[in-house]
Amino acid sequence: YLFRSPHGERLQKNKTAPPKYFKEIARSTMCMYLVAVLSAFPVAQGRRGVETALKPTFMDATLEPFPVAWYGIKLFFTVIFADMWTYFKHYSLHSPVLYAFHKPHHEFHDPSCFASFAVHPVDTLATFCPILLMCLPQLALYWPIHAPFLLFMGLLNFYLHCGYSVTILEWIFPKVWLNTSEWHNEHHRISVAHYGELLTLWDHLLGTH
């Protein structure tokens, strides 16, 4: 309801095909199962008492002097790396050789929030395999900072697939290079542009917009 008028405007208004909610939910559920399997590796490592990337205190996850500045730099490059990974992963999956693994997601030309994670298992593994990096203690991450960041990424993905354009978000997000519902909905409509999943940075740099 929050995405509907007067809060937002429906995209692809002329579509008459019935929604595919059950198929979207089924595929998203499979995706979340595989994400849980990947997450089990660093979780199990931590429960065995083996050091992981997650540190118990903020100071354990940063450097002296200027610990806040150092961690801010780390967070900035984490975002850039995550967006670069998902952009080139997404672009590669649109190649003729690999598109069969991404095509199931594009069955939803006019998606809903349920389609946010409705992807093929190979697509899921390609997207979320960086979770295994959490097994590396050298990354030194502080969970209370990264958990809200991951939550925001999940909520953003819901918005990108909701099928509605919320005016205030469409005004704010482009100012900081964040992806928007209108931007990503265009990808579902034509499939040959707008590959960014978090930011629109790489689409602008590489001319895929």
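The structure this text deals with has already been given above.
This report concerns the structure included in the present document. For clarity, every value in this text was computed on a predicted model and none was experimentally measured.

1. Overview of helix α4 (residues 143-160)
- Across its 18 residues, α4 extends 25 Å between first and last C-alpha, which sits within 8% of the 26 Å expected from 1.5 Å per residue.
- Residues His146, Phe149, Gly154, Leu156, Asn157, Tyr159 and Leu160 constitute the buried set of α4.
- Each element contacted by the buried residues of α4 is listed here: α2 (67-93), β2 (164-166), α5 (167-172) and α6 (181-190).

2. Describing the nonpolar core
- Residues Val79, Phe149, Leu156, Tyr159, Leu160, Cys162, Tyr164, Val166, Phe173, Leu178, Leu198 and Leu199 constitute the largest nonpolar core, which totals twelve residues.
- Of all the secondary-structure elements, those providing two or more residues to this core are α4 and β2.
- By residue number, the principal contributor to this core is α4, which donates four residues.

3. A word on the side chain of serine 165
- Note that serine 165 resides in strand β2.
- When its relative accessible area of 5% is taken as the criterion, serine 165 is described as buried.
- At 2.5 Å, the side chain of serine 165 forms a polar contact with the side chain of glutamate 182.

4. Structural notes on the environment of glycine 46
- Relative to the assigned elements, glycine 46 resides in helix α1 (residues 21-47).
- Glycine 46 gets classed as partly exposed once you look at its relative accessible area, which sits at 38%.
- Taking the C-alpha atoms as reference points, glycine 46 and alanine 147, 101 residues apart in sequence, are found 17 Å from one another.

5. Examining unusual backbone geometry
- Geometrically, the link from glutamate 64 to proline 65 is a cis peptide bond, its omega value of -10° lying close to zero.
- Residues other than glycine seldom take positive phi values, yet histidine 194 does so here, at roughly 60°.
- Mapped onto the elements of the fold, histidine 194 is located in the loop between α6 and α7 (201-206).

6. Details of the layout of surface pockets
- As a volume, the largest pocket reaches approximately 1,400 Å³.
- Surrounding the largest pocket, 45 residues form its lining, Thr127, Phe128, Ile131, Leu150 and Met153 being those nearest its centre.
- Among the elements that take part in the lining of the largest pocket, α2 stands out by supplying ten residues, more than any other.
- Tallied by class, residues from the lining of the largest pocket come to 26 nonpolar, 15 polar and four charged.

The rules behind these values
- Residues numbered from 1 in each chain as written.
- Predicted model: local features only at pLDDT ≥ 70, side-chain atom pairs only at ≥ 80, totals over all residues.
- Heavy atoms only, no water.
- Helix = DSSP H or I, 4+ residues; strand = E, 2+ residues; numbered from the N terminus.
- Expected span 1.5 Å × (residues − 1).
- Buried < 20%, exposed > 50% of the residue type's maximum accessible area, 1.4 Å probe, protein only.
- Contact = heavy atoms within 4.5 Å.
- Core = buried A, V, L, I, M, F, W, Y, C linked by side-chain atoms within 4.5 Å.
- Polar contact = N/O pair within 3.5 Å; in protein donor to acceptor, adjacent residues only side chain to side chain.
- 1 Å grid on protein atoms, 1.4 Å probe; cavity = no way out; pocket = protein on both sides within 12 Å on 5 of 7 lines; lining within 4 Å.
- Points joined across faces, edges and corners; volume = space filled by probe spheres on them.
- Nonpolar A, V, L, I, M, F, W, Y, C, P; charged D, E, K, R; others polar.

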